[in-house]
Every structure is written in structure tokens, then in C-alpha cells.
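Here is how the chains run, residue by residue.
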Amino acid sequence: MLSRRFFSSSRQVAKSVVTKLPNGLTVVSKPGPQSSSSIGLYLNSGSRSENPFNSGVSTLVGSVVASSKAASEAYALSGVEVSSSNAKEVTGLAVTSFAKGNAKEAFKTVKNLVANLETLLKNESYIKDKAAEASAFAEAFETKPKPMVIEHMISTAFQGTSLALPTHGKADTLATLESMDLKSFLGKQFVASNLALVSVGEAKHDDLVKLASELSVPEGSKPAFEPFHFLGSDARLRDDTLPAAHVAISAQGPAPSAADYYAGLVAAQINGLYQAKGLYTSFQGSQLAQFFNANPMTDEFDHFSLGYSDVSLWGAYLETEHIEYLDEVVHFTLKNWNRFSAGTFTETELEQGKAALKLKLLSPAKTAAQEAEKLATNTFLHGFEESEAEIIKSVDDVSHKKVSQWAQKYLYDQDIAVAGTGQIEALFDYNRLRNDMSMMRW
Amino acid sequence: MFARTSIRSFSTTVPKAVKVTTVEAPGSGVSSLKVIVKNAGSKASAPGLAHLLASSSFLNTEARSGLRLKRESELLGGEYKATVTRDSLVLEAKFLKEALPYYVTAIGDVLTGTLFRPHELAEIALPYSKTEAAAANSSPEFKALEALHAITFRTGLGKPLYYDGSKSYTSEDIAQYAKSVFLDGNVEVVGSNVVEADLKKFISESPLSKLPAGETSPAPQKSVAGQDARIRQAGPTSAAIGVAASDVATYSLLAAYAKSSLPASSSAAVDAKVVPYDGAALFYISITSPSGAETGALVSQAAKLLKQAKGLSKYKALATYNQAVQGSSIDISAAKDSVSVPKFNLAVVGDVDAVPYADEL
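No experiment lies behind these values; they were computed from the predicted model shown.

(A) Layout of the UniProt feature "domain: Peptidase M16 N-terminal" (unreviewed entry) in chain B. The feature "domain: Peptidase M16 N-terminal" (unreviewed entry), as given by UniProt, occupies residues 20-164 of chain B in the numbering adopted here. Regarding residues 20-164 of chain B, the helix share stands at 46% and the strand share at 20%, and the terminal C-alpha atoms are separated by 34 Å.

(B) Just the interface of chain A and chain B, in detail. With 43 residues of chain A at the contact, the number on the chain B side is 49 residues. At the boundary of chain A with chain B, total buried surface from both sides reaches about 4,000 Å², with 67% on carbon and sulfur atoms. Along the contact surface separating chain A from chain B lie zero salt bridges. Counting every contact that joins chain A to chain B gives eight residue pairs in polar contact (both at pLDDT 80 or more).

(C) The packing of helix α13 (residues 347-362) of chain A against helix α15 (residues 388-396) of chain A, seen in detail. Residue and element names in this part refer to chain A. Where α13 contacts α15, the two axes come as close as 10 Å, and the packing angle between them is 160°. As judged from the angle between their axes, α13 and α15 are roughly antiparallel. The two elements α13 and α15 meet at a crossing, and its hand is right-handed. Residues K354, L357, K358, L361 and L362 of α13 pack against E388, I391, I392, V395 and D396 of α15.

(D) Representation of the UniProt feature "domain: Peptidase M16 N-terminal" (unreviewed entry) in chain A. The sites that carry the UniProt feature "domain: Peptidase M16 N-terminal" (unreviewed entry) are, in the present numbering, residues 27-168 of chain A. Each end of residues 27-168 of chain A is marked by a C-alpha atom, and these two atoms are 26 Å apart; helix forms 50% of the span and strand 20%.

(E) Main features of the pairing of strand β12 (residues 417-422) of chain A. Residue and element names in this part refer to chain A. Burial runs high along β12: six of the six residues are buried. Alignment of strand β7 (residues 233-238) against β12, held across six bridges, turns out to be parallel. Across the sheet, the residue bridging to A235 is A419, located in β12. Relative to β12, strand β8 (residues 245-253) runs antiparallel, the two being bridged by six bridges. The residue of β12 that forms the bridge with A248 is A419.

(F) Representation of the environment of P218 of chain B in the model. All names here are of chain B. As for its position among the elements, P218 is in the loop between α8 (196-205) and β6 (228-232). P218 sits in the partly exposed class, given a relative accessible area of 37%. Along the primary structure P218 and A40 are separated by 178 residues, whereas in three dimensions their C-alpha atoms are 9.5 Å apart.

(G) Structural context of the packing of helix α3 (residues 69-78) of chain A against helix α11 (residues 316-326) of chain B. At their nearest, the axes of α3 of chain A and α11 of chain B sit 5 Å apart, and the two run at 90° to each other. On the basis of their axis angle, the class for α3 of chain A and α11 of chain B is roughly perpendicular. Together, Y75, A76, L77 and S78 of chain A of α3 of chain A and A317, L318, Y321 and N322 of chain B of α11 of chain B make up the contact between the two elements. When grouped by side-chain class, the residues that make up the contact of α3 of chain A with α11 of chain B number six nonpolar, two polar and no charged.

(H) Molecular detail of the pairing of strand β2 (residues 26-31) of chain A. Residues and elements named next belong to chain A. The buried count for β2 comes to five of six residues, which makes it a mostly enclosed element. With four bridges connecting them, strand β1 (residues 17-20) and β2 associate as antiparallel partners. Looking at the pairing, K20 lines up with T26 of β2. Bridge count between β2 and strand β6 (residues 195-201): six bridges; the pairing is parallel. If you follow P31 over to β6, its bridge partner there is G201.

(I) Spotlight on the confidence of the model for chain B. Residue and element names in this part refer to chain B. Across chain B, pLDDT averages 91, with 96% of residues at or above 70. Considering only residues more than four positions removed or in separate chains, one finds that residues 1-14, a stretch of pLDDT under 50, has 18 contacts. Overall fold confidence (pTM) sits at 0.92, and the ipTM for the predicted complex is 0.91.

Rules used throughout
Here the residue numbers are simple positions, counted from 1 along each chain's written sequence. For naming, the first written chain is A and the first written ligand is 1, with later ones following in the order written. With pLDDT at 70 or above as the cut-off, local features in this predicted model cover only qualifying residues; side-chain atom pairs require 80 or more to be listed or tallied, and sums for whole chains, interfaces and linings still use all residues. Values reported for side chains reflect all heavy atoms of the structure, with hydrogen atoms and water molecules removed beforehand. UniProt positions are given in the numbering used here, feature names are shortened, and annotations may be inferred rather than shown by experiment. Only DSSP runs of H or I covering at least 4 residues are called helices, and only runs of E covering at least 2 are called strands; the numbering of each starts at the N terminus. Between two residues, a contact is recorded if the distance between any of their heavy atoms is within 4.5 Å. Accessible surface is computed with a 1.4 Å probe, and the buried area is the amount of it that two parts give up when combined, taken over both parts together. For this analysis, a salt bridge means a side-chain nitrogen from Lys or Arg found within 4 Å of a carboxyl oxygen belonging to Asp or Glu. In the analysis that follows, any N or O atom pair within 3.5 Å is treated as a polar contact, provided that within protein one partner can donate a hydrogen and the other can accept it, and provided that, for residues neighboring in sequence, both atoms belong to side chains. Axis lines are fitted to C-alpha atoms, over the contacting stretch for helices. Their N-to-C directions set the angle, which ranges from 0 to 180 degrees. To sort the angles, those under 35 degrees are grouped as roughly parallel, those over 145 as roughly antiparallel, those from 65 to 115 as roughly perpendicular, and the leftovers as oblique. What makes a crossing left-handed is the near helix being turned counterclockwise from the far one by less than a right angle; a clockwise turn instead makes it right-handed. Three labels apply to residues, based on accessible area from a 1.4 Å probe with only protein chains included: buried if under 20% of the type maximum, exposed if over 50%, partly exposed otherwise in between. Between any two strands, at least two bridges found by DSSP are needed for them to pair. The residue classification treats Ala, Val, Leu, Ile, Met, Phe, Trp, Tyr, Cys and Pro as nonpolar and Asp, Glu, Lys and Arg as charged. All others, Gly included, are polar. Summary of the metric used: pLDDT quantifies the predictor's per-residue confidence within the range 0 to 100.

Here's what the structure looks like:
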């Protein structure tokens, strides 16, 4: 007889379905029971597809669509919210969010927005207003130290290539953009092979395929990204009016498609996030967190692995109000990284990092639109989205030895990209920081 | 065979009072658990005490120390937090699905066996509560909303959400308060992405089934209208204009109408909502802008809109969407097409000279 357990847990697992249309457009959908769903048209090009003279154009295109008259009407009268998103390699061009049972209106909205795109771009004064707004947004971005310092770290790491361009554009450039810039950008990027129609939630896949085939999207070959080039370097934006020092440091990591990518993800989770003022911080298990609990000289550290199509950056963001200890904070963090290559991190730390990574990768995003962006990014990156079972297997496969090998290849004695802002008088010069990436002993 | 197995033999072993519900969530690898202790939020306690109780949760209990809970969670792949709302204390955990029994027990321990040691209050809970309160109050929007609650409801829902330092409490006070509200009738468990029968079984085996019997009933909330609160300070100017909502359905249409009708601008942030509480609801429009004059102008427009709102039925779809995002479930089928709000409260934080008083609107 079948056991009770068998019945109760045999719920159908949500899996994403991918269809590629003859014109090259990708349709991907992931069913789910959430109360709000999202359908969006995504471009596989973001700030990395820009150049220094049209920096920010991908952000601008999104905001031009999202704040158009058609979008605000869809919001007020049909309950379909239109938003846009922007990253280095993915732009959410027309992203809709809607409540259960309203998929029909969302379909209409997407269709409408795409059909209106050309008329929108003709409206010079509207584009000018939006460019001014986007420029103000890019300016405001520079006042948020954490994302700002990470952005500058990426810029200095890949300086001279388009990957260095800021995600939301340069304020000066944005202010000068006109409708002609948008047209020529979309002329190259808005082609079927570079687009994906992404849905999360209740919309049916067949309906989406039908919608996608009805969209008037020009055919064309997929534009390639300019190759990256990593350069160990630093960018300092000292600002003694800020109360703290903010530093981001990273080394070049493998591409997300590489076999050893997951080892880096696990390593980032082993150290993870530390916030000195958090409620349960004093109990945190990672060795670096324990060290900073015993020697309270940092307010936050946050380890990350930022993946792009052909490369990643592995590193950490550091923040401290104890500016006189900034040199120590950086030194002990980099010395802690040495443990990965020396293999002196413990099995317990490894297991903890793996569990944290599984929780992070399997947790659904906060909103349907964010979930759709995740799905779009993964689809562009791999051609599909890894299932939960595949993710769990990839994480389980990471062993102590694999993390060590990854660290010896990508971390030990490797060049670093450094960016700092705030009161960074105590941030050592590049070579002294670089020296901490290796050890005098082994 | 199928009929037999579908009989839930578990449910009867769960004490009747602890209410258990499950919801489906996207994905299948991660589950989460929300244990809501009703009538244990800021409205029911002495001012700020409920916030201190939230910050004292997940520390040392009779069964395990706070250190052990954190370290075991790291190995199991789980996170937990306690938050205070105006109505309730919410204990939440998010974890890899295999860890369900662990967290049912852990949260049960928090409710039945937290030790409330004096040093934990002094070293962990109190400093954290102050940090959290200061972080929230650094937002003029939050401050205006707090003031709006205070003038609308005065006591009860009008009490500050977070600990403001105006009174001092001992760990004994917190323990006493916890004892008075951690009763089985007050506790509601919501599991997402879990099998309901399993959850019920684990609850029946956990300390959650040994909660003292009883429940506390919510105090009736009285509200007033036509009040002003003005806090002069530097920074952006935020205004919250609102009133206790009697007809929740119509007011949620009004919120949708207000949110979509107030002119969009890149500098001003406008939000409109109905927040349903236990025993009352608050409708508000919140406006924040770096320029006091812009906030003032938008407040005047909002007031005009509130006095004569017609054709609300058009906004049913938007109201439904807003609820889906907000996670509330108000039945709007009986909503009226028009509403008039002649008298409302107004809380202003920032450049108060640029914003009119409520009776001038």
C-alpha cells in the first residue's frame, strides 16, 4: 500500500519550460502558485552593450517604456503594473506584474507596449524629460556607498571594456541622450534572437508562445558582447564627509558555466554576510565573523560572487566606522581568504557554506518581477534554468578539495580590483594590498 | 484504499486552539514557517515592550542556547527572525524543507521556554532594539506614519511600533509580558511549502502543543479625525494623510484611485494603502519629497481627491493587484462607487511650514 507520505508530498514541482521560436525569440515560463505573477520582455543586453557615448541608454529605454502613457493606463485601469530593470547583460524592457486571474490584461499590455515602442521613441521632448530623470537617478546612485563602491570596483576591474560602464549609466552622458541614440541602440539590440519573453506565475506556456509570435520584432543576428579584460587596479573616491570607510575588493573568477564556479559560490557563503549591529551576529559561526566579534573593528562585510556571461568577480565589500582600523580590516579579511587556498578552513565551515548557498539559490525572490528577472538571466546565461535538483547536486558536489583548488587558481597570489570611498586614508596602496593575496609561509 | 489514507488522523492530536494553515509558495526546496502571536504586538503592550520581546526571541531557552540555535541553523540551512507588528509578534523561519521539525520545535521552545536573562537584555536585545528603532525613524516616511497612527488611534494602535527609550524595562517585565500573551488561543501557525499533515504532526509533538490554554481578546480601538501632528526637522518632507477606515472595501478602491491619480513625478514618492488591523483599519496616503512645497501641493491635491471621490469601481483591478502585492485579503466585491472623507488626520515631518494644516485643506 502506498504510504501517506507519498501522497502528501507528491505535489507537482514547478519547472521552467523553454521554447525557441523560428525567428529566434525565446519563450520561457515557470508556473507557480504565487498571488501575483509577472510577464516581461527581456533583452540580453544591458550596460555591457553600451559604449562610453551612449552609457545609460539601456536604463533609459526601460524607463521610457515603463513610464509611458500606455503603462500608466494599464496600471490604473487594468491593475497591471509595468516596470523595467537593468543589469550589465540583461534589461527588463517591458515587465508587467499582475494579480491572479488578470493574465489576459497583462498579455494585452505587453503587446501594446511593444507596438507603441516606435511612436514612443519619436517623442523627442518626452525622451528628453526621461533622460533628465535617468541622469538624476544615476547621480543619486553615487550617494549610496555600498552599491556605488561595488560598481566602481567592477569598473576598475574591467577598465577599457564595455563591462566597466556603470549599470545605470553615467549621469553626464545620460543627460545628453536623445531619441536618435535610443533608436540606434534598439536597432542593433532589439532583434528576436536577443529577446526573451519570460513569465512567472499563472500564464500558460502555449498562450505565451502565441503572444510571442504575434509581437512585431525584427529578425537579426544576436549581437555579441565586447570581450572582457581584467586589470588589477584600484579606484579611490575619498570623501571625508562620510561617517565611514567603504571598500570593495575582488579577484577574477571563472565564468558561471565553468565547472569550478560553484566552488567560488560556496566560498563566498562560508564567510557570508556580517553586520556588527545585527541581533544574532555574536553567535555567527564563520571564522572571520568570530574574529571581528572579538576585535570589533568592522561594521559590515559581505562576500559576493558576481557572475557575467564569461567571467565573474569574487570578493567582499567592507565597511567600518573605525577608520583608523581600516588597514587591519582589509588585511585580516585578505588573510582569511588565504585559508581557502591553504585548505585550512574546516569541514564544518564548508557544510555551513553549502547549506547557506542552497538556501540562497532555492529561495524564491521577493516579487514576481524579480523572480522573472532571475529566470531571464539564467535563461540567457545557460539557455535554460537549472532545476532545483540540479542546483542541489551542483552544491553537494563541491568538496573541501574543490574549494582549495578553486582558491589556488583564482585567489592565491592573483591581482585584485579595489575601490574605496568615504574616509579611506588608511587604505593601503595597491601593492601592499596585493601582497596580502599570498603568504610568506604555506 | 485512497479513502482510508486521506483521513487525517493527526489533526485531532493538535490542541484545538493553535490554528494551523498552509499556503503554497513558488519553488519546492525551501519552506517557511510563520508563527503569529496575536494580540502580542505593540498595541497590546506597554509602549515599546513588545518590540523588546521580539528582540529577545530566539535567544537562550531552556532547551537550547541562542548560540546553539544559530550554529545549528547555519548547518541546516535556515534563517530566523522575530518582528513586531502593531497587532502581533511574528516569529519566522525560512529553511531547507527537511528542517521543518527542527524549526517547529525551535519556535515552540521560544514560546514556552525563553529564559529572558538580564544580561541578554542589556547586551543583545536592548542595543539591537535601539538600533532598529533609530534606523526606522531615520526615514521621515516612517516617522510621519507613526505620528498618523498616534493621532488617529491615540492609544492601542496609536502606540509606537518600536521601543523609543521613553520607559525602561527589566528582563522580568519582558518575561511577565511574554507569559501573559504566549497562550495557545493567541498562536497561529502558517506554513508555506509544507505538507499540512506533517506540520500538524510535528506541532503536536513540539512544545507548541504544551502552550498554556487561554487567549487574550483585542481591546476595542477608538479613533478620532481632524487632528494634526507636525514634526519640524531637516531633510525631505513627508506627509501622511489618513483616517480610520470603516468600510475597508471602498477604502481600498479609494487607495488605488489615489495612488494612480496623484501626478507622478520623479522626485516625489506617493503611496496609498489600507492597512487592516485586528478591530480597525487605517487608510492613508503618504507623500514624500525633498521639496516641502511639492509635498504641500500634493497634500492639497490628495485632500481634494478624498473629499469627493467618484467612479471608484474602475479601480477594482488595481485594488486587487495592490492586495496581492501587500499580501492582504479584503473582499472588495461590495465596495461602493463613491466615498467622501470630509475630515481626516494629517501628520507632517520635515519642512512643516510648507504644508497646510488639516482644517485648512
